[in-house]
Amino acid sequence: MENKTVNFMRLLSEDSTHSTVSSDSCEYYQTEIFDLLPSIQASRPEQSRKPSEAYQDGPVPGEESIHGHLSSGPRDKAPTQPLRNMVICIQGKRSVRDRRKMQISDIGFWVSWRRSQSITMKRVWEQMGGALSGLLPWQHTLHAIEGRYGFGVKAYFVLLRYLVNLNLLHCALIFGFIVGPTIFYGRSKSSEPLKFGGNDSVLDFFLGSGYLDRSPVFYCFYTPGSLNMQCLNTPLLYLAGILTILFLTLILVVRRTTVGYKHTWMLGKQYSMNVSYKIFCGWDFTIQDPAAATLKHSFIRNDLKLFLEEQSFSLREAQRTLGQRVRLYLLRFFLNLLVLSLLGGAFYLIYFATNKSQDQGIPGERQWLVILVLQYLPPITISFVNLLLPHIFRKISSFEDYSFTMQVNATLVRSIFLKLASLGIYLFFIFKHLKDQSQCLENLFGREMYKLCIFNFLTAFCNAFFLNYPRKLLQEKYPSSLLAQLWGKQCFLVPFNVLDLVYIQTVSWVGVFYCPLLPLIGVVTLTATFYIQKFSVLRCCVAEQRMFRGSSSSVLFHFMLLLGLLMAVATLGFNLYQPREPACNHRFSCGPFGNGQNVFNVTGVCVDSLPSPAQSTLSYLNSSAFALPLILAEIIILTSYVSRGRANQKAIERLKDMLVMSSSDKRFLVKQHTTLLRRQRNPCRVRPAAIEENQRLPPES
Amino acid sequence: MGTTASQLGKDMLSEYQELTFLTKQEILLAHKRFTELLTRDEKDLANTRVPIERILTLPELKSNPFRKRICHVFSTSEYKDGSLTFEDFLDLLSAFSDSATLEIKSHYAFRIFDFDDDGTLDCGDLEKLVNCLTGETDDTRLTPEEMRQLINNILEESDIDKDGTVNLSEFQHVISRSPDFVSSFKIVL
């Protein structure tokens, strides 16, 4: 059964796309009856609708004829549809409204009052929504950037703004759960008061040591105070705060990823509407700048050419001989080995730098600059590696004979791997190192995260003001000089900048447990980054030659963010789990978790104090006896969704078949009707042909 | 009905707010920009039509490849010369505003892309559309071979009923799956 329909469809489609398109269909939609079809009427501009009005406005002919051609016809299906939602000109809307007013007076006072109330309510809501969206910061800047550089760059800035908002939310939670109670209830009696002095210097603000080490920035500050109930104490609140942040972020990021994913990936791939998107949604009507318009033209042209090229590329790929294929795979294998060895080298370099930075001798012996450099050696190495390798990967992937999109994706995937893995390795080595120190471990770890954050921000700052800006100045002042030509015009590389954002956010998530004020620092640095990047985009960059689709790239961005979050959670879990065994004997206890308490047993005390039914419920929820039914229920729900999706898929296919059928029916009937009409109108023109045929026939028979 | 060009009455303003997607500020701004296009003696007349040449000097439209089509679609002129009254201008801004629905936007987009006003996008319309997108000059155009391949691809994808043209519902079907469309089909003064 299915095979038959498929065959039928293919026959039809081949028939129509190749032979009938040029000659047949042209004739088909130029016939008179075609213009009278209701489906065509609906899409016609109202001016050209005049002659056929009587035909289509069936039900109340008297009323309709008064309003003549301005009536909205079949569009005005729902009388409650707001006037502004109708596709007619203002004058037309007025007359529709007049007509509606009559209807309302017929309906009665109560209904009309309710309707006007709903309209005012709607307007109030709209105004509130407008005011709220006006409150969103940087709306105007984003608009300007979008106008000049298109979606791709705007997607980066939207992500940046999203991260600022996310960090603000984190800050609120931190203040609610951690800082607030500490301020209100005080700290433990043994902890010394906070003051600036002694050995402290301004350098501490870069190193996170000295004054900052004792300040609320780090874990150590939050010693348990007078708030000491069994189920409401400082350690518990601290843990709850961190867990809330991580869970809330997970939910938010997953939601944003899936919303975008639903929009583009599944629907786009499944029905493959790629070219149609490029054509029908290609032009960005917000563009005002003539230069941006020419750029957009070339974007679209490049994009289309790219698509056509890729289509023929896949054709060519299918025709490759065995020898070519073997050679290509060998080449790819070696290039992948090269990538792997580069990654390995980078990781070793990070390990080496970490070792070096931790092995420094007695601090007094060296100059402060050397200390600073040594302290910052790992972040410098990581930033250096992350700056250099993605560009090398980009070059490497161009040799691999992949299609262009595949090249970009390969580069991105390798770079993500590099970024997150290098961070992970760094964290791992730090942790191994820190274990045998007698200071507060968590503070040291938090300090490393703090340094990474600060250093990343400093890099962005220097990159913008000491590299990009002079480069631009050089190009403006001496456009013909050798150096300027060598450097070329600089583009805003969206993927690499997004990688940076994802990286810094991951660091912030890893560090939030050890350095609770990291989100606040994140808000400040990200806000500053926004202005720096705005400056470097608007002042220093020309728009890129390659186009990024806003939606699909932002899905990728959020997916990377999700990966970063998962990595942060994994690292945090690993770190917390690690010192469990040797905890009691030699660890210097600091921060909220003292007196043999740790992250894992702090809830136990609270649970023990609960009444026994609640306790048994909790232990049941914890056991595998509960996990099994849970998993089963999830499987059942998933299966039902999958099968429903499949059923819908089949229904869509069937409806498409029906559409093709009914369309061909329509075409047939229209053609038949036209030939009949023609025969009626000028029988003399038909007759000669018939006569001719008749004349030709007899000799044969 | 209609407005003298120099001022905008309060009742007019609220009526326009009801009939369009524009806010009060936007309508006032539109009115200001529209009056700037009028000549001195036109300012006292009600319902003046501004010819297409002067409309196209607006910076918002100047670099748009579809600017002439936009004027023609929104013009209520009987001579089909693309001239706009203030109300036509408001219609235009309303369709291109932030808050206009996807249906409105896709409907007008279809009419803008339908170059010969015959109610479907046929091969000729698609070719003109692609030429508008890539640039009109000879060296920016696609080659005839590329154009043929492209149009075949478009029809293959979006011509669901296989009649060789893309009609409104097929067009809206494509558009509704594109999350970028609403944000890009926008003109803000």
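Residues numbered from 1 in each chain as written. Chains lettered and ligands numbered in written order. Predicted model: local features only at pLDDT ≥ 70, side-chain atom pairs only at ≥ 80, totals over all residues.

Under an unreviewed UniProt entry, the name given to chain B is EF-hand domain-containing protein, and the source organism is Eleginops maclovinus.

As recorded in an unreviewed UniProt entry, chain A goes by Transmembrane channel-like protein and comes from Eleginops maclovinus. Under the heading Sequence similarities (unreviewed entry), UniProt records this for chain A: "Belongs to the TMC family." (UniProt positions renumbered as here; feature names shortened; annotations may be inferred.)

Colleague: Which parts of the structure should I look at to understand the overall build of chain A?
Modeller: When helices and strands are tallied, chain A shows 29 helices and zero strands. Within chain A, the fraction of its 701 residues that count as buried is 29%. Within chain A, counting contacts between residues at least 6 apart in sequence, those at least 24 apart form 75% of the total. (Helix = DSSP H or I, 4+ residues; strand = E, 2+ residues; numbered from the N terminus. Buried ≥ 20, exposed ≤ 12 C-beta atoms within 10 Å, placed from the backbone. Contact = placed C-beta atoms within 7 Å.)

Colleague: Sorry, what's going on with the overall build of chain B here?
Modeller: For chain B, the count of helices and strands is eleven helices and zero strands. Expressed as a percentage of its 189 residues, the buried residues of chain B come to 45%. Residue pairs at least 24 apart in sequence account for 55% of intrachain contacts in chain B once pairs closer than 6 positions are excluded.

Colleague: What is the right way to look at the packing of helix α2 (residues 24-37) of chain B against helix α6 (residues 86-95) of chain B in this model?
Modeller: For any two helices packed against each other, one specifies the inter-axial angle together with the distance between the axes. Residues and elements named next belong to chain B. α6 packs onto α2 with a crossing angle of 130 degrees between their chain directions and a minimal axis gap of 11 Å. Between α2 and α6, the angle falls in the class oblique. Once α2 is placed against α6, the crossing between them reads as right-handed. Where α2 approaches α6, its residues E26, I27, A30, H31 and F34 are matched on the opposing element by F86, F89, L90 and L93. (Axes fitted to C-alpha atoms, helices over the stretch in contact; angles between N-to-C directions. Parallel < 35°, antiparallel > 145°, perpendicular 65-115°, else oblique. Left-handed = near helix turned anticlockwise from the far one by under 90°.)

Colleague: Is there a simple way to explain the nonpolar core in this structure?
Modeller: One broad trend across soluble globular proteins is that nonpolar side chains are buried collectively. Within the largest apolar cluster, 83 residues are counted, with the highest numbers of intra-cluster contacts made by A:M449 and A:C515. Once residues within four sequence positions are removed from consideration, A:M449 is found in contact with A:V507, A:V510, A:G511, A:Y514, A:C515 and A:L518. One finds B:F34, B:C71, B:F74 and B:L150 within the second-largest nonpolar core, a separate group that totals 63 residues. (Core = buried A, V, L, I, M, F, W, Y, C linked by C-beta atoms within 7 Å.)

Colleague: Explanation requested: the UniProt feature "domain: EF-hand" (unreviewed entry) in chain B in the structure shown.
Modeller: Feature annotation in UniProt assigns "domain: EF-hand" (unreviewed entry) to the following positions: residues 101-136 and 146-181 of chain B. Between the C-alpha atoms that bound residues 146-181 of chain B the distance is 25 Å, and the span itself is 64% helix and 0% strand.

Colleague: Is there a simple way to think about the environment of B:E170 in this case?
Modeller: Residues and elements named next belong to chain B. Residue placement: E170 occurs in helix α10 (residues 168-176). Classification of E170 as buried rests on a count of 22 C-beta atoms within 10 Å. Taking the C-alpha atoms as reference, E170 lies 6.6 Å from D159; in sequence the two are eleven residues apart. Those residues in contact with E170, other than ones at most four positions away along the chain, are S158, D159 and I160.

Colleague: Whenever I open this one, α10(B) confuses me. Can you help?
Modeller: Residues three or four positions apart in an α-helix share a direction because the helix packs 3.6 residues into each turn. Taken together, the buried positions of α10(B) are B:L168, B:E170, B:F171, B:V174 and B:I175. The arc enclosing the buried residues of α10(B), seen along the axis, measures out at 165 degrees, which places them on a common side. (Arc of directions from axis to C-beta.)

Colleague: Mind showing me how you'd approach the interface of chain A and chain B here?
Modeller: On the side of chain B, 66 residues touch chain A, which itself brings 58 residues to the contact. Those elements giving two or more residues to the side of chain A that touches chain B turn out to be α1 (2-20), α4 (38-43), α7 (90-107), α13 (234-271), α14 (274-280), α15 (290-318), α24 (550-577) and α28 (624-681) of chain A. Ranked by the residues each element gives to the side of chain A that touches chain B, the list is headed by α15(A), at seven residues. The residue makeup of the side of chain A that touches chain B, split by class, is 27 nonpolar, 21 polar and ten charged. (Nonpolar A, V, L, I, M, F, W, Y, C, P; charged D, E, K, R; others polar.)

Colleague: Any chance you could explain the UniProt feature "transmembrane region" (unreviewed entry) in chain A here in plain terms?
Modeller: Residues and elements named next belong to chain A. Taken from the UniProt record, the annotation "transmembrane region" (unreviewed entry) applies to residues 162-185, 236-254, 329-353, 368-389, 410-429, 449-470, 510-532 and 553-577. For residues 162-185, helix accounts for 100% and strand for 0%, while the C-alpha atoms at its two ends are 33 Å apart. Each end of residues 236-254 is marked by a C-alpha atom, and these two atoms are 27 Å apart; helix forms 100% of the span and strand 0%.

Colleague: I keep staring at the environment of A:L518 and nothing clicks. Help me out?
Modeller: Residues and elements named next belong to chain A. Secondary-structure assignment places L518 in helix α23 (residues 518-540). Accessibility expressed as a C-beta count within 10 Å gives 27 for L518, which makes it buried. In this structure, the C-alpha to C-alpha distance between L518 and C171, residues 347 residues apart in sequence, is 8.6 Å. Aside from chain neighbours lying at most four places away, what touches L518 is M449, Y450, C453, S508, G511 and V512.

Colleague: Would you explain the confidence of the model for chain A in this entry?
Modeller: Low pLDDT marks regions whose predicted coordinates should not be analysed in detail. All names here are of chain A. Averaged over every residue, the pLDDT of chain A is 73; residues scoring 70 or more account for 68%. Here residues 45-77 scores under 50 on pLDDT; set against residues more than four positions off or in separate chains, the count is 43 contacts. Here residues 686-701 is modelled with pLDDT under 50, and outside its nearest four sequence neighbours on either side it reaches one contact, counting other chains as well. (pLDDT = per-residue confidence, 0-100.)

Colleague: How do you make sense of the confidence of the model for chain B when you look at a structure like this?
Modeller: Residue and element names in this part refer to chain B. Scored by pLDDT, chain B comes out at a mean of 83, with 97% of its residues at no less than 70. Across residues 1-5, confidence stays below pLDDT 50; counting only partners more than four residues off in sequence or on other chains, it has 16 contacts. The ipTM value of the predicted complex is 0.86, and its pTM value is 0.64.

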